[in-house]
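Spelled out, the chains give:
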Amino acid sequence: EAVASSPFLFDTATGLFNRSYAGDFWCPETGVPHSGAVAPAGFVKVTARPRSCPGEAALKFWQTSALQQSSGLTDLGGIHPGMFAAFTVAWVLTYLCIFNGIKTSGKVVYVTATLPYIALVTFFVRAMTLPNAGAGVSFFVTPDFDVLASGQVWMRAVTQIFYSLGVGFGSLIAFSSYGSRRSNFVGDATKVSLINCGTSIFCGFVVFPILGYLAHELSEVNPCIRPDDLAGLASVGLSGTGLAFVAFPIAISRMPGGHFWALLFFVMLLCLGLGSEFAMVESIVTVLSDAGVGSSWRRPSLAGVVCLISYLVGLIFVTRGGIYWFELFDSYSCVISMFFVTGLECIGLMWYDKSTWPSFQREVTKWTGIELGLVWKVLWKFIAPGLIITIAVLSLNSWDVMGARESKPFPIGMGFFPTWSIVVGWVIGLLPLVLALGFAVAPVGKHTGASNEDITPEAEEKDSSSAGNLGGASVAPTADGVVAGSLA
């Protein structure tokens, strides 16, 4: 109480607290005190606003202007006009990318895959020169074994890497079906996997120095945030889906020619979004076409129907409560179905029929000259299924994936999720399994193509050319726009 009345507690010019009094402030065990917090006995609540805090400004802009965030999942708050317009334009662009099949999407990927790398290298140089960047890098490369013991962490990590590679989502198989069997698709798939994982690690060295800078900045504003502990950023909302839209704009604002870099950042996000979106939609259109659904329709019409239905279903995400529905889908949609799909791929290749693996080996050797030896057999028969089962079991250790029971309305908390959202989330997560089992019992469509034994090199080359193959090269855009080799 004596300290609270000191005229030297805050700098009147900057509004920042005096660092010499840092040990006299009360801080909760986790996080920072919110506006409704009650001071414990012996402490006095004092409110002060710094003259400048870009971190807070960026966060408030994201929450109140960009999202116009409502209090929680049940408070839709009506359609957000700006997001509705952007959402509409995004789906129009997606349709233009896929309406003519691989002939258009195969060319678009050259832009959506390369431009983000140029932007990332630029942002990396700037991020490494920010104050406290070293603390961010240290936080990134230093493991926290308490956190690593959580199954949810591994589930989210696997979901992210599967999504960026396109594993288990169908896009790789859909695009690789247009590739040439004569290409070295084994080498392509290996190189793309390494490039993708390397890019993910590189992105960490771009993002975490910026987070280190934010921790440094906020430690000057809030005594409960330490510059060497980035975990404290989560308590002020710098986590989750809004991180890229808060952290990167702050770094951009520190760059010379900020408007140019802001435009580059926007274009990068647009390319990444389109790369993910049209790859997913293309896989759906390809499956429907191969199954004979809408067989009397031309390709542009079928693609248009898929895009329109997806657009209408997604309108809930552009409401003022849409961010909560997005987080609900993001948290539950892959909690088990992705592991189910990839597990079945391993079982189908290695366990279901003993003749499948030898046949697959012969086909690979026939078209690429590469022999898949014992290492690949052990990986796909034992290691991969074992890891998938282990992570799937770990991911099921929490029924309430999003912490709905402890959620509080925004802005006191991160947003309110009613208890029934847990049931809705698990319905979303288990629905693909139900559909997969249903189609397994009652398949839709029939196989009309030639078997591998019936395809001659001459027929294969003709088929590849008519399918719009890109100069005979075996390429496929993955979920994040990286070019992947076909593994048909």
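The shown structure was predicted, so the numbers you read here are calculated from the model rather than taken from an experiment.

Quick notes on the rules
- Residues numbered from 1 in each chain as written.
- Predicted model: local features only at pLDDT ≥ 70, side-chain atom pairs only at ≥ 80, totals over all residues.
- Heavy atoms only, no water.
- Helix = DSSP H or I, 4+ residues; strand = E, 2+ residues; numbered from the N terminus.
- Expected span 1.5 Å × (residues − 1).
- Buried < 20%, exposed > 50% of the residue type's maximum accessible area, 1.4 Å probe, protein only.
- Contact = heavy atoms within 4.5 Å.
- Polar contact = N/O pair within 3.5 Å; in protein donor to acceptor, adjacent residues only side chain to side chain.
- Axes fitted to C-alpha atoms, helices over the stretch in contact; angles between N-to-C directions.
- Parallel < 35°, antiparallel > 145°, perpendicular 65-115°, else oblique.
- Left-handed = near helix turned anticlockwise from the far one by under 90°.
- Nonpolar A, V, L, I, M, F, W, Y, C, P; charged D, E, K, R; others polar.
- 1 Å grid on protein atoms, 1.4 Å probe; cavity = no way out; pocket = protein on both sides within 12 Å on 5 of 7 lines; lining within 4 Å.
- Points joined across faces, edges and corners; volume = space filled by probe spheres on them.

Remarks on helix α13 (residues 337-350)
In step 1: With 14 residues, α13 ought to run about 20 Å at 1.5 Å a step, and its terminal C-alpha atoms sit 20 Å apart, in line with that.
In step 2: Those residues of α13 lying buried are Ser337, Met338, Phe339, Thr342, Gly343, Cys346, Leu349 and Met350.
In step 3: Looking at the buried positions of α13, the neighbouring elements they touch are α6 (151-165), α14 (356-368), α15 (374-395) and α16 (420-441).

Things to note about the environment of Gly187
In step 1: Summarising the element assignment, Gly187 is placed in helix α8 (residues 185-219).
In step 2: The class for Gly187 is buried, based on a relative accessible area of 18%.

Focus: the side chain of Ser331
In step 1: Mapped onto the fold, Ser331 is located in helix α12 (residues 322-332).
In step 2: Of the polar contacts made by the side chain of Ser331, one reaches the backbone oxygen of Glu327; its length is 2.8 Å.
In step 3: Once residues within four sequence positions are removed from consideration, Ser331 is found in contact with Met155, Arg156, Val401 and Met402.

A word on unusual backbone geometry
In step 1: With a phi angle near 50°, Gln68 is a residue other than glycine that sits in the positive phi range.
In step 2: Turning to its location among the elements, Gln68 is positioned in the loop between α1 (54-66) and α2 (81-98).
In step 3: Look at Gln68 and you get partly exposed, because its relative accessible area is 27%.
In step 4: Residue Asn132 is not a glycine yet carries a positive backbone phi of 65°.

Notes on the packing of α2 against helix α10 (residues 258-290)
In step 1: Two elements in contact, α2 and α10, have axes whose closest approach is 9 Å; the angle formed by their N-to-C orientations is 55°. Taken together, the axis directions place α2 and α10 in an arrangement best described as oblique. The interaxial crossing formed by α2 with α10 has right-handed handedness. Residue-level contacts link Ala90, Trp91, Leu93, Thr94, Cys97 and Ile98 of α2 to Leu270, Leu274, Glu277, Phe278, Val281, Glu282 and Val285 of α10.

Here's the deal with the packing of helix α4 (residues 133-141) against α8
In step 1: Contact pair α4 / α8: the axes reach a minimum separation of 7 Å and the direction vectors enclose 130°. Classified by the interaxial angle, the pair formed by α4 and α8 is oblique. The way α4 lies across α8 gives a crossing that is right-handed. Residues Ala133, Gly136, Val137, Phe139, Phe140 and Val141 of α4 lie in contact with α8, whose contacting residues are Ile201, Gly204, Phe205, Phe208, Pro209 and Gly212.
In step 2: Taken together, the residues that form the contact of α4 with α8 break down as nine nonpolar, three polar and no charged.

Section: the environment of Glu406
In step 1: Relative to the helices and strands, Glu406 is located in the loop between α15 and α16.
In step 2: Distance in space between the C-alpha atoms of Glu406 and Phe416 is 8.6 Å, their sequence separation being 10 residues.

Here we look at empty space enclosed by the protein
In step 1: The full count for this structure, using the stated rule, is two cavities of 30 Å³ or more.
In step 2: The volume enclosed by the second largest cavity comes to roughly 30 Å³.
In step 3: Around the second largest cavity, the lining residues are Leu67, Met83, Phe317, Thr319, Arg320, Gly322 and Ile323.
In step 4: Looking at side-chain class alone, the lining of the second largest cavity contains four nonpolar, two polar and one charged residues.

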